Amino acid sequence: MISFELTQKQLAMQEYFQRLAVERLQPRSMQVDAAAPAGVDPDYLTFIAEENLNAFLIPKEYGGKPLDHVSLAILFEELGAGCAGFAAVYAQTFHSVAALLIGGSDEQKKLFFPLLLPPGGHVSSFCVTEEESGSNTSSFSTVFSRKGKSFILRGEKSPVINAGQSRFYVVWANEEGTRNRAGISAFLIPGKTEGLRFGPYHDKPGFRPAPTATIHLEDIRIPEENMIGPAGSGYLLLMQILDWGRALSASMAVGLARTAIEEVTRFAKQRVILKRPIIKNQSIAFLLADLVTELEAARALVWRACRLIDLGRDHTVASSMAKLYASELAVRATTEGLLILGQSGYKRPSLMDKIHRDAQVLRIAEGTSHVQKLIISGQL
Ligand SMILES: Cc1cc2nc3c(=O)[nH]c(=O)nc-3n(C[C@H](O)[C@H](O)[C@H](O)COP(=O)(O)OP(=O)(O)OC[C@H]3O[C@@H](n4cnc5c(N)ncnc54)[C@H](O)[C@@H]3O)c2cc1C
């Protein structure tokens, strides 16, 4: 079912983005991490434009150069290795594009996909979570109602990555008067819609290069054509997007864990205590042996989930397993990394400190580890 051999094209892409991750994304991410949150860093937007990253998500007929999901996983692993926060900025664009790919009409794709393509680097947002409904996505306080040939939306979404800078927002809402899955629909909201307001950027420990804020929908009016799919199809659409997104967020976690393991290995070979490098201690060598083994396992889970997506086969549990395993590995690798680096890692700026903070987000966003276990155990 699955080949472990990458194609020449995939290998070339992997090598290319591996170099950019180390030479460009990682050094920049340390600077952005230390600064106050102020939107998506202009250097990242330039990177999106120069590498034409959004084209990888968009079908050819709408101006893109689409990659299959296994290739996207290879790309996301490198972005996650360079800067998980930036990978999350790009992942939000992926999620909103996925909403159109799965449920959008030809007219919607023609209208919204070009907004993401050069000239310039562009992002979009995926707006599900509310203060009162995070893990529970089966009803929302954000509501919509019909007025003639328009929809009126009212409510708040928080946190939203790329808020304030997105070309468009995909927003989930319940029809006024409903509080269940059947009442949920998804909408395309252009970035410059009247009544769409943004709160200040949140100050948070991890994913600092991925700016988040609250978006306020103050009785905004959008044309009826901006509903994605038929009324009431929003919950199913959301589940399908998350099934794709979790596999790719897992590949970001693989990249982050890889960076941690490489950093610890380098340190353990260099750090000499009592006249020998600390890697000569079995406790440290065995820990690294465990971590590199788990890294291979995590990547295999990711590629398997992505291959199932590409084959059009059931991938819900495979995606959840990949996300659960890879994000927990990212947390473990950085936690052990901080222990082994000792005082040289526990300071600022320190790459290990930064990625340890980033790793925590990977097991919260897009469904916590508990939620992944609910999905996996639900299929037993
Ligand atoms: C940095 C960051 C960026 C984000 N960006 C976005 C974004 O761009 N767009 C967006 O829509 N969302 C975004 N999110 C939100 C994210 O998807 C939610 O945080 C996540 O779904 C969890 O929801 P919650 O934080 O409200 O936790 P809650 O749902 O309040 O859960 C609290 C705790 O209870 C546990 N729990 C809940 N239900 C169960 C259960 N049935 N069984 C066992 N345990 C349970 C959870 O696992 C968790 O540990 C972002 C989050 C973060 C941290």
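Residues numbered from 1 in each chain as written. Predicted model: local features only at pLDDT ≥ 70, side-chain atom pairs only at ≥ 80, totals over all residues. Heavy atoms only, no water.

Chemist: For this particular structure, what's the right way to read the side chain of His-95?
Modeler: With respect to the secondary-structure elements, His-95 resides in helix H4 (residues 84-103). On the accessibility criterion, His-95 (1% relative accessible area) is buried. The residues touching His-95, leaving out its near neighbours within four places in the chain, are Phe-126, Ile-241, Gly-245 and Glu-366. (Helix = DSSP H or I, 4+ residues; strand = E, 2+ residues; numbered from the N terminus. Buried < 20%, exposed > 50% of the residue type's maximum accessible area, 1.4 Å probe, protein only. Contact = heavy atoms within 4.5 Å.)

Chemist: For this particular structure, what's the right way to read the pattern of salt bridges?
Modeler: Between side chains of opposite charge, a pair can form as their charged atoms come close. Going through the model one piece at a time under the given rule, you end up with 24 salt bridges. Across the pair Glu-78 and Arg-258 runs a salt bridge, and its minimum N-O distance is 2.8 Å. With Glu-78 in helix H3 (residues 69-82) and Arg-258 in helix H6 (residues 234-270), the pair connects residues that are 180 residues apart, well separated along the chain. Here Asp-203 and Arg-208 are joined by a salt bridge, their closest N and O atoms 2.6 Å apart. The class for Asp-203 is exposed, based on a relative accessible area of 62%. The structure contains a network of salt bridges with shared partners spanning Glu-77, Glu-78, Arg-258, Glu-262, Glu-296 and Arg-299. (Salt bridge = Lys/Arg side-chain N within 4 Å of Asp/Glu carboxyl O.)

Chemist: Looking at this structure, how should I read unusual backbone geometry?
Modeler: Keep in mind that most residues, glycine aside, have a negative phi and that most peptide bonds are trans. For the peptide bond that leads from Ser-158 to Pro-159, omega is -5°, which places it in the cis range. Relative to the helices and strands, Pro-159 resides in strand S3 (residues 150-161). Residue Arg-348 is joined to Pro-349 through a cis peptide bond whose omega torsion reads -5°. Take Pro-349: it is sitting in the loop between helix H8 (316-341) and helix H9 (351-362).

Chemist: For this particular structure, what's the right way to read the domain arrangement of the protein?
Modeler: Much of the literature gives interface size as the accessible area that the parts lose upon coming together. Structurally, the protein comprises domain 1 (8-122), domain 2 (124-232) and domain 3 (235-378). Summing both partners gives a buried area of about 2400 Å² for domain 1 against domain 3, and 70% of it is carried by carbon and sulfur. At the surface where domain 1 touches domain 3, the tally comes to four salt bridges. As a salt-bridge pair, Arg-299 and Glu-77 come within 2.9 Å of each other at their nearest N and O atoms. Elements that contribute at least two residues to the side of domain 1 that touches domain 3 include exactly helix H1 (8-34), H3 and H4. Looking at the side of domain 1 that touches domain 3 element by element, the count peaks at 11 residues for H4. For the side of domain 1 that touches domain 3, the class distribution of residues is 17 nonpolar, seven polar and four charged. (Domains from an automatic or database assignment. Buried area = accessible area lost by both parts, 1.4 Å probe. Nonpolar A, V, L, I, M, F, W, Y, C, P; charged D, E, K, R; others polar.)

Chemist: Looking at this structure, I do not really get the site of the ligand. What am I missing?
Modeler: Taken together, 20 residues lie near the ligand, and Phe-126, Thr-129, Ser-135, Thr-368 and His-370 sit nearest. Side-chain polar atom of Gln-92 to an oxygen atom of the ligand: 3.4 Å apart, as the coordinates give it. Here a nitrogen atom of the ligand and a side-chain polar atom of Thr-129 are 2.7 Å apart. Taking 980 Å² as the accessible area of the ligand by itself, protein coverage stands at 64%. Contributing elements (two or more residues each) for the shell around the ligand: strand S1 (123-127), S3 and helix H10 (369-378). Examining the composition of the shell around the ligand, we find that three residues originate from one element, S3, more than from any other. Here the residues of the shell around the ligand are counted per class, giving 10 nonpolar, eight polar and two charged. No fewer than three residues from each of domain 2 (124-232) and domain 3 (235-378) sit in the shell around the ligand. (Near = heavy atom within 4 Å. Polar contact = N/O pair within 3.5 Å; in protein donor to acceptor, adjacent residues only side chain to side chain. Areas by Shrake-Rupley, 256 points an atom, 1.4 Å probe, with all protein chains shown as cover.)

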